[in-house]
Amino acid sequence: MRSKGVLHVDTEILVPFFDIDTMHVVWHGHYVKYLEVARCALLDHIGHNYTHMLDAGYAWPVIDMQLRYVRGATFGQRINVRASLVEWENRLKINYLISDLASGERLTRACTVQVAVQIASREMQLASPKCFTDAVARVLP
């Protein structure tokens, strides 16, 4: 069973024409962009976005990504991308659900995993930096 996470942020996206392929659905690679938009919204909600991460001396590369396509989104469709925080103490794991905004029909499920890398030493951290875990603690219910 997929974890719903401890908090989530919903992001509405209107599918643009330039994201459509010759099959008249969103080209599979563009879903990664939608995940990034939702992930940025979640990090903004936490109060520790990519700018804060860099200022603290850490990069957070994506080390794993999984997507499961159910139905293709189409030009002009309003979709909702829900980003749910699942893990944050040792790595940043976010689950995503992309659905049709009007009907709620599930279109895609995804998951990303990121780890903190200290910029100065280029060393991967075995635990998330305290500045990030503290930010998460401040917004948890």
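Going by the structure above, here's the rest.
Sequence order as written defines the numbering, with residues in each chain counted from 1. For this predicted model, a pLDDT threshold of at least 70 governs which residues receive local features, and a threshold of 80 or more governs which side-chain atom pairs are given and counted, while totals over whole chains, interfaces and linings are taken from all residues. Only hydrogens and water are removed before side-chain values are computed, so all heavy atoms of the structure are retained for them.

Visitor: Before we move on, could you go through the sheet that holds strand S5 (residues 92–100) and cite the residues and values that matter?
Guide: Ordered by their spatial adjacency, five strands build an open sheet running S1-S4-S5-S6-S3, and the pairing between neighbours is antiparallel. Sheet topology places strand S1 (7–14) and strand S3 (62–69) at the edges, where each strand pairs with a single neighbour. In this sheet, adjacent strand axes meet at a mean angle of 15 degrees when their direction is disregarded. Contacts were defined at the residue level, with two residues in contact if any of their heavy atoms lie within 4.5 Å. Helix axes use the C-alpha atoms of the stretch in contact, all axes being lines fitted to C-alpha atoms, and the angles between their N-to-C directions lie in the range 0 to 180 degrees. Only runs of H or I of at least four residues qualify as helices and only runs of E of at least two qualify as strands under DSSP, and these elements are numbered from the N terminus. Sitting on the sheet, helix H1 (residues 30–46) is in contact with S1, S3, strand S4 (78–87), S5 and strand S6 (106–114), with an inclination near 135 degrees to S1. For two strands to be treated as a pair, DSSP must find at least two bridges joining them.

Visitor: Lay out a nonpolar patch on the surface with the relevant residues and their values.
Guide: A patch consists of residues whose relative accessible area exceeds 30% and which take part in no salt bridge; residues with like charges are grouped when within 9 Å of each other, and nonpolar side chains (Val, Leu, Ile, Met, Phe, Trp, Tyr) when within 5 Å. Only the protein chains shown count as cover for residues, and the accessible areas themselves come from Shrake-Rupley with a 1.4 Å probe. Only one rule defines a salt bridge in this text: a Lys or Arg side-chain nitrogen within 4 Å of an Asp or Glu carboxyl oxygen. A contiguous nonpolar surface patch, about 190 Å² in accessible area, is contributed by Val32, Val62 and Met65. Following the sequence through the fold, methionine 65 ends up in strand S3.

Visitor: Talk me through the sheet that holds strand S7 (residues 117–118); I want residue IDs and the actual numbers.
Guide: Overall, antiparallel pairing links the three strands, which are arranged S2-S7-S8 in an open sheet. In this open sheet, the two edge strands, each paired with only one partner strand, are strand S2 (58–59) and strand S8 (123–124). Bridge analysis of S7 against S8 gives two bridges, and the strand direction is antiparallel. Bridge pairing links valine 117 to methionine 124 in S8.

Visitor: Hey, could you go over the pairing of S5 for me, with residue numbers and the actual values?
Guide: On a regular strand, each side chain points to the face opposite its neighbour's, so the side chains alternate between the two faces of the sheet. Accessible area is worked out with a 1.4 Å probe on protein chains only. A residue is then buried under 20% of its type maximum, exposed over 50%, and partly exposed in between. The element S5 is extensively covered by neighbouring structure, given that seven of its nine residues are classed as buried. As defined by bridge partners, S4 adjoins S5 across eight bridges and the pair is classed as antiparallel. Residue isoleucine 79 lies in a different strand from S5, and its bridge partner there is aspartate 100. Connecting S4 to the next strand, S5, in antiparallel fashion are four residues. With antiparallel pairing between neighbouring strands as the criterion, S5 and S6 make up a hairpin whose turn holds five residues, including glycine 104 at a positive phi of roughly 80 degrees.

Visitor: Which residues make up the packing of aromatic side chains, and what are the values?
Guide: We call Phe, Tyr and Trp rings a pair once their centres come within 6.5 Å, taking the six-membered ring for Trp, and we label the pair stacked below 30 degrees between planes, edge-to-face above 60, and tilted otherwise. Under the counting rule described, the total for this entry stands at four aromatic pairs. A ring pair is formed by phenylalanine 17 and phenylalanine 75, whose centres lie 5.6 Å apart and whose planes are at 85 degrees; its orientation type is edge-to-face. Residue phenylalanine 17 is located in the loop between S1 and H1, and its partner phenylalanine 75 is located in the loop between S3 and S4; the two are separated by 58 residues in the primary sequence. Accessibility assignment for this pair places phenylalanine 17 and phenylalanine 75 in one class, exposed. Taken together, Tyr31, Tyr34 and Tyr69 form an aromatic cluster joined through their ring pairs.

Visitor: Can you lay out the pattern of salt bridges for me, pointing to particular residues and giving the numbers?
Guide: Scanning the entire structure with this criterion turns up seven salt bridges. Salt-bridge contacts for arginine 82 lead to aspartate 10; the nearest nitrogen and oxygen are separated by 2.7 Å. Here the residue arginine 82 occupies a position in strand S4, and aspartate 10 occupies one in strand S1, the gap between them amounting to 72 residues. On the accessibility criterion, aspartate 10 (39% relative accessible area) is partly exposed.

Visitor: So what about helix H3 (residues 130–139)? Which residues, and what values?
Guide: The complete set of buried residues in H3 reads Phe132, Thr133, Ala135 and Val136. The arc enclosing the buried residues of H3, seen along the axis, measures out at 155 degrees, which places them on a common side. Exposed residues on H3 whose side chains face more than 90 degrees from its buried face are Lys130 and Arg138. Looking at the packing, one finds that the buried side of H3 touches H1, helix H2 (50–55), S4 and S5. In this description, one arc is meant: the one made by directions from the helix axis to the C-beta atoms.

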